[in-house]
Amino acid sequence: MSALAVVTVIAIALAMWFRFAISDAVALGQLPPEARQEMLQLRADPHRNASRLWQLFAQYYDVVDFLPGIANRDWWLLAAMVIGAIPVIVLCGLYASRPLSRQFTMVAHAARRVSEGDFSARATVVTDAPQELIGLAVDFNDMTARLQRYEREVSESSAMVAHELRTPLNAAMGRLQGMLDQVFPCDESQLLMVHRQLEQLNRLVGDLHLLSLARAGQLSLEHEDFLLEDLVQERLAWASQRLNAAGLAPQVSIPRGTRLTGDRDRIGQVLLILVDNAIRYAASGQQLSIDVQASNGDIHLSVCDRGPGVEAESLARMTERFWRAEHSRDRHLGGSGLGLSIACAICEAHGGSLEMVGRSGGGLCARVRLPHPPQRAS
């Protein structure tokens with residue numbers, strides 16, 4: 001609109017200049033040669049003989065053109081051009097603002113659906129709208145996609161939380177009731193069974209608490225500088241018994257001297273979760289590799305296996321709470337379905353990310369990106 005107004009002003013100014021130039025050329029062409037020559041000389045230096053110049057103007061020009069006020073025909077011409085330009089400006093402005101109006105309408109319509117509880121609403125992106133509005137529509141769609149995911153997580157995880165909490169609680173209560181009713185002997189083995197169920201319950205509550213803190217941006221981190229190779233070897237040593245039992249011999253590739261600044265224990269927790277995930281669901285592939293690379297100030301850690309993998313459309317959901325793939329995460333394999341959610345939350349708390357990708361030939365890769373130095377998660 002600003003450009004249209006500027007172009008209109010320039011067009012009117014050029015039209016007035018052409019009008020003056022043409023009318024002056026016509027008037028000069030009608031003068032006798034001697035008078036035209038004298039007029040041109042006096043106009044070159046008006047102050048040399050102003051009285052004679054005014055005499056020539058009065059003799060050969062229309063004196064009305066020199067009168068001030070709206071009686072001057074130039075003012076009438078200017079008014080006519082302005083009046084004629086107004087409809088052109090309005091029509092062009094309406095035409096130019098159509099993409100803008102359509103984009104606003106799309107966003108407003110989608111926002112109304114979201115306010116009514118429909119988080120699947122998306123604003124259609126008008127490609128010929130201004131880039132700022134296209135960015136607004138894209139950001140709005142990203143926001144609604146997150147809201148939809150959060151709503152799905154809440155609705156699905158509410159039932160799952162109740163189930164996951166009730167299972168060990170019922171088992172512990174049943175075992176205790178059996179001992180009270182003297183169905184089971186009240187000895188150390190029975191108490192150990194109850195203790196294991198309570199430990200599972202306590203671990204689940206702790207995991208949910210960690211996720212809640214991370215979602216609220218309140219997860220406490222203690223940053224320190226450490227060698228990544230030492231941390232990986234340490235956590236693999238912790239998991240060595242289970243790795244040997246699963247027949248997995250990890251292949252580790254870490255550039256010597258690679259350092260990382262972050263919460264060492266939390267990042268070690270991420271690594272253990274990924275290794276445990278491979279032990280549980282990918283031991284049949286008999287392959288586990290851990291690779292570390294530094295790129296553009298970030299540390300990239302990949303934990304890859306050759307297990308059965310997951311369908312491509314399910315990869316993005318693997319970090320959701322309580323999500324399990326039907327063929328690879330059956331209940332008999334254990335786990336609460338919170339491990340990858342916790343790993344993702346810890347990565348995001350460090351300003352990084354966790355991405356699950358499929359491998360050609362079968363298997364999965366968990367790709368961790370951690371900034372170095374760390375950034376505060378948004």
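Residues numbered from 1 in each chain as written. Predicted model: local features only at pLDDT ≥ 70, side-chain atom pairs only at ≥ 80, totals over all residues. Heavy atoms only, no water.

## Details of the nonpolar core
And then number 1: Core analysis: the largest hydrophobic core is formed by 50 residues, its most contacted members being Leu228, Leu243, Leu274, Val275, Leu354 and Val368.
And then number 2: Ignoring sequence-local partners within four residues, the contact set of Leu274 consists of Val303, Leu340, Leu354, Ala366 and Val368.
And then number 3: Counting residues in each nonpolar core, the second largest holds 10 residues, with Ala35, Leu53, Phe57 and Tyr61 among its members. (Core = buried A, V, L, I, M, F, W, Y, C linked by side-chain atoms within 4.5 Å. Buried < 20%, exposed > 50% of the residue type's maximum accessible area, 1.4 Å probe, protein only. Contact = heavy atoms within 4.5 Å.)

## Quick notes on the sheet that holds strand β6 (residues 353-358)
And then number 1: Strand order across the open sheet formed by five strands is β2-β4-β5-β7-β6, with mixed pairing between neighbours. Where the open sheet ends on each side, the last strands, each with one partner, are β2 (251-253) and β6. Direction aside, neighbouring strands of the sheet carry axes that sit 15 degrees apart on average.
And then number 2: When strand β4 (residues 288-295) meets strand β5 (residues 298-305), the two strands line up antiparallel, connected through eight bridges. Note on β5: the bridge partner recorded for Val292 is Leu301. (Pairing = 2+ DSSP bridges. Helix = DSSP H or I, 4+ residues; strand = E, 2+ residues; numbered from the N terminus. Axes fitted to C-alpha atoms, helices over the stretch in contact; angles between N-to-C directions.)

## Here we look at the pattern of salt bridges
And then number 1: Counted under the stated rule, the structure contains nine salt bridges.
And then number 2: A salt bridge links Arg369 to Asp298, with the nearest nitrogen and oxygen atoms 3.5 Å apart. Pair noted here: Arg369 is in strand β7 (residues 364-371) and Asp298 is in strand β5, with a separation of 71 residues, a long-range link.
And then number 3: Beyond isolated ion pairs, a larger network of salt bridges with shared partners links Glu234, Arg235, Arg264 and Asp265. (Salt bridge = Lys/Arg side-chain N within 4 Å of Asp/Glu carboxyl O.)

## Overview of the state of the cysteines
And then number 1: Evaluation of the coordinates by the stated rule reveals one disulfide.
And then number 2: Disulfide partner of Cys304: Cys365, at an S-S distance of 1.9 Å. Classification of the bridge connecting Cys304 and Cys365 rests on its S-S torsion, roughly 105 degrees, and on that basis the disulfide is right-handed. In this pair, Cys304 sits in strand β5 while Cys365 sits in strand β7, placing the two residues 61 residues apart along the sequence. There is no split in this pair, since Cys304 and Cys365 are both buried.
And then number 3: For the unlinked cysteine Cys344, the closest cysteine sulfur is that of Cys347, found at 6.7 Å. (Disulfide = S-S within 2.5 Å.)

## Observations regarding the packing of aromatic side chains
And then number 1: Within this structure, the stated rule accounts for one aromatic pair.
And then number 2: On the basis of an interplanar angle of 70 degrees and a centroid distance of 5.1 Å, the ring pair of Trp17 and Phe18 is categorised as edge-to-face.
And then number 3: Phe18 gets classed as partly exposed once you look at its relative accessible area, which sits at 46%.
And then number 4: Note that Arg175 overlies the ring of Phe184, its terminal NZ or CZ placed 4.2 Å from the centroid.
And then number 5: In this arrangement the basic side chain of Arg264 is found over the ring face of Phe226, its NZ or CZ atom lying 5.8 Å from the centre. (Phe/Tyr/Trp six-rings, centres within 6.5 Å; stacked < 30°, edge-to-face > 60°. Lys NZ or Arg CZ within 6 Å of the ring centre and 35° of its normal.)

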